[in-house]
Amino acid sequence: MSERPAIPEPLKREIRQRDGFGCVLCGCPLYVYEHFEEFSKVKEHTLGNIYLLCDTHHREKEHLLPLEKIETARKSPRNRKAEFTHLHPLHYFGDKCVLKIGSSTFRSVLSELNNSFSAIVVENEEIFNFRFEDGHILFTTKIYDPDGNLVVHILDNQLLIKTENWDVEFIKNRLTIRHAPSEIAVEIAFDPPSNITFLRGTFYSSNGYPIQIKNEKLLFNHGIDGTFVCEDHDTSRKYCIVVNSDRRFGDRCMVEIDNRVTQEYWDWLTKKNKQN
């Protein structure tokens, strides 16, 4: 018996775009590519016969889910009527948080007293924030595109993905969002209970300030880059990198970057942080 051929990647992308990057019934961003008529009968992969189902609805399809309901959902997928995919929980817990951005690492242990930690603040906007509540870590971030449109929102461990993105792909623990072919907006690996890794992309604040991962280094808009290792053992420190913000952050941040920073000063800061 010959093996069933894989669904071509361009066809997968077309299916994802059509169905709004989630299950046609509930909008969950974790899904499988399901054939309406079984492949064993039709012997081919076609756009009209493949749709997205979450694992729950995939399991229900054989005995509990009427085909008429699936057919209705295929014609009008849940996410095509919504601004975001269905809210999906990320299973982070405990008191430790580890954020990796390229080769930089931001790590902290939070408690009821030391209950908030932001890796990067841009113009008073906390881009990557952890907080501690009811004995658990809660992660929040908002990632925008260059035009100020929200791409992905994680709010207290709840993942929301904008359905107007050009392409969204969620495989195992890795989320990839593309603006165009070969143009990755953001690639994130989720590793509960403590780790989140931003692997590739350029992240924008709501005001359009870019933070880019280039050759695994953090590249800021000032033409300077670096690799940071922030081990937050100082409970008075709530921020790691603060960019172009007012003085209210004071001595509670590790590194400040503004338009007056020189490359020599940046090199000195990077060396000092590595030594610490």
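Our subject is the structure listed above.
As the structure is a computational prediction, the values presented were derived from the model and not from experiment. (Residues numbered from 1 in each chain as written. Predicted model: local features only at pLDDT ≥ 70, side-chain atom pairs only at ≥ 80, totals over all residues. Heavy atoms only, no water.)

Colleague: Please explain the state of the cysteines as it appears in this structure.
Modeller: As used in these notes, a disulfide is a covalent bond between sulfur atoms, one from each of two cysteines. Applying the stated criterion across every chain yields a total of zero disulfides. Between Cys54, a free cysteine, and Cys26, which holds the nearest cysteine sulfur, the sulfur-to-sulfur gap is 3.7 Å. Given a relative accessible area of 5%, Cys54 falls into the buried group. The closest cysteine sulfur to the non-disulfide-bonded Cys97 is located on Cys240, 9.3 Å from its own sulfur. For Cys97, a relative accessible area of 0% translates into the label buried. (Disulfide = S-S within 2.5 Å. Buried < 20%, exposed > 50% of the residue type's maximum accessible area, 1.4 Å probe, protein only.)

Colleague: Would you mind going over the side chain of Thr176 with me for this structure?
Modeller: You can see Thr176 is positioned in strand S12 (residues 174-180). Look at Thr176 and you get buried, because its relative accessible area is 7%. (Helix = DSSP H or I, 4+ residues; strand = E, 2+ residues; numbered from the N terminus.)

Colleague: Could you clarify how one ought to interpret the packing of aromatic side chains in this entry?
Modeller: One pair of aromatic rings is described through two measures. These are the centre distance and the angle between the planes. By the definition in use, this model includes seven aromatic pairs. Ring geometry for Tyr31 and Tyr33: centres 5.8 Å apart, planes at 85°, overall edge-to-face. Taken individually, Tyr31 and Tyr33 each receive the classification buried, so the pair is uniform in this respect. Consider the rings of Phe198 and Phe203, whose centres lie 5.2 Å apart with planes at 75°: the pair is edge-to-face. (Phe/Tyr/Trp six-rings, centres within 6.5 Å; stacked < 30°, edge-to-face > 60°.)

Colleague: Could you clarify how one ought to interpret the pattern of salt bridges in this entry?
Modeller: Side-chain pairs of opposite charge can arise whenever the charged atoms involved come near each other. A complete count under the given rule lists 16 salt bridges for this structure. Note that Lys61 and Glu38 form a salt bridge whose closest N and O atoms lie 3.6 Å from each other. On the criterion of sequence distance, the pair formed by Lys61 in the loop between helix H3 (55-60) and helix H4 (67-75) and Glu38 in the loop between strand S1 (32-35) and helix H2 (39-42) is long-range, its members being 23 residues apart. Residue classification places Lys61 among the buried positions, given a relative accessible area of 10%. Judged by its relative accessible area of 40%, Glu38 falls in the partly exposed class. Across the pair Arg131 and Glu133 runs a salt bridge, and its minimum N-O distance is 2.5 Å. (Salt bridge = Lys/Arg side-chain N within 4 Å of Asp/Glu carboxyl O.)

Colleague: How should I be thinking about the side chain of Ser118 in this particular structure?
Modeller: You can see Ser118 is positioned in strand S6 (residues 116-122). Those residues within four positions of Ser118 in sequence are excluded, and the remaining contacts are Glu126, Phe128, Asn129, Lys238, Tyr239 and Cys240. (Contact = heavy atoms within 4.5 Å.)

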